[in-house]
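Single-letter residue listing:
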Amino acid sequence: MTREEFSGDRLTFARVSAGCLQISPSALAVMRLYVQDASEKAEAGGILLGRHILGTNDIIVDGLTTPMPGDRRSRFQFFRARRRHQEVIDRAWQESSGTCTYLGEWHTHPELCPIPSRIDRLHWQQKLFRDQFDEPIFFIIIGISKVCVWEGYRNRRLMPLQLL
Ligand SMILES: [Zn+2]
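These figures come from a predicted structure and were not determined experimentally.

Rules used in this analysis
- Residues numbered from 1 in each chain as written.
- Predicted model: local features only at pLDDT ≥ 70, side-chain atom pairs only at ≥ 80, totals over all residues.
- Heavy atoms only, no water.
- Donors = N, O, S within 2.8 Å, 3.2 Å for Na, K, Ca; no water.
- Helix = DSSP H or I, 4+ residues; strand = E, 2+ residues; numbered from the N terminus.
- Buried < 20%, exposed > 50% of the residue type's maximum accessible area, 1.4 Å probe, protein only.
- 1 Å grid on protein atoms, 1.4 Å probe; cavity = no way out; pocket = protein on both sides within 12 Å on 5 of 7 lines; lining within 4 Å.
- Points joined across faces, edges and corners; volume = space filled by probe spheres on them.
- Nonpolar A, V, L, I, M, F, W, Y, C, P; charged D, E, K, R; others polar.
- Pairing = 2+ DSSP bridges.
- Expected span 1.5 Å × (residues − 1).
- Arc of directions from axis to C-beta.
- Contact = heavy atoms within 4.5 Å.

**Notes on the coordination of the zinc ion**
Step number 1: All of the protein donors around the zinc ion are His-107 (NE2), His-109 (NE2), Asp-120 (OD) and Asp-120 (OD); their distances to the metal are 2.0 to 2.6 Å.
Step number 2: Positions of the donor residues of the zinc ion along the chain correspond to the pattern H-x1-H-x10-D. With a gap of 11 residues between them, His-109 in the loop between strand E7 (101-108) and helix H3 (118-130) and Asp-120 in helix H3 connect regions that are remote in the sequence. In terms of burial, His-109 and Asp-120 fall into one category: buried.

Below, the structure is given as structure tokens:
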């Protein structure tokens, strides 16, 4: 395992069926700030914002929220306070005339290669089986040396994505 994934300026993953998911340089730079590479760094996270590229199956993550007041953070847990993050989603949607949209969620893990916890799995499943949405959603975990992404569709299982 290397830290290579954080040395490039962007990350691109192959999507389940076609197209790719790209984490833009600006989004990756923000995520990089929260990598839990020191014992005092607590888990961090937020929601993912971005765009579907017209006429393709490509999606770009170019925005995200970061920990806000009301979130609960510790070395091994992160709970997002829903309301403040939702306000950012609503504002981004309005200001972009509906092109900048909610794409999913991200959080960090204090381990080299992130493995979803039981709570992560439960939370993701609740989203996939309870929430009303038509577009795929993505879950990103930022480990210390590796970034992992899963793609989910309503009422279907999550699929891990391969880094390109
Ligand atoms: Zn987790």
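Let's pick the thread back up.
**Regarding the layout of surface pockets**
Step number 1: What the largest pocket holds in volume is close to 440 Å³.
Step number 2: If you trace the largest pocket, you find 18 residues lining it, with Phe-78, Phe-79, Ile-119, Asp-120 and His-123 closest to the centre.
Step number 3: At the level of secondary structure, the elements contributing two or more residues to the lining of the largest pocket comprise strand E6 (77-79), E7 and H3.
Step number 4: Classifying every residue of the lining of the largest pocket gives 7 nonpolar, 6 polar and 5 charged.
Step number 5: One number sums up the size of the second largest pocket: a volume of about 210 Å³.
Step number 6: In terms of lining residues, the second largest pocket is bounded by Ile-47, Arg-80, Arg-82, Gln-86, Ile-89, Trp-93, Cys-100, Thr-101, Tyr-102, Glu-105, Lys-127 and Glu-135.

**A word on the pairing of strand E4 (residues 59-64)**
Step number 1: For E4, a buried count of 5 out of 6 residues is recorded, marking the element as mostly surrounded by other parts of the structure.
Step number 2: As paired elements, strand E2 (residues 20-23) and E4 share 3 bridges and run parallel to each other. Considered in E4, the bridge of Ile-23 is made with Val-61.
Step number 3: Pairing of strand E3 (residues 45-52) with E4, which is carried by 5 bridges, proceeds in the antiparallel orientation. From the neighbouring strand, Leu-48 faces E4, where its bridge partner is Leu-64.
Step number 4: In this structure, the hairpin formed by E3 and E4 is closed by a connection of 6 residues, where Gly-55 is found at a positive phi of approximately 80°.

**Side note on H3**
Every α-helical turn comprises 3.6 residues, leaving residues that sit three or four positions apart pointing alike.
Step number 1: Look at H3: 18 Å from first C-alpha to last across 13 residues, which is about the 18 Å you get at 1.5 Å a residue.
Step number 2: Of the residues making up H3, those classed as buried are Asp-120, Trp-124, Lys-127 and Leu-128. All buried residues of H3 fall inside an arc of 95° around its axis, so they share one side. Facing away from the buried side of H3 by over 90 degrees, the exposed positions are Arg-118 and Arg-130.
Step number 3: Where H3 is buried, its residues contact E7, strand E8 (137-142) and strand E9 (147-152).

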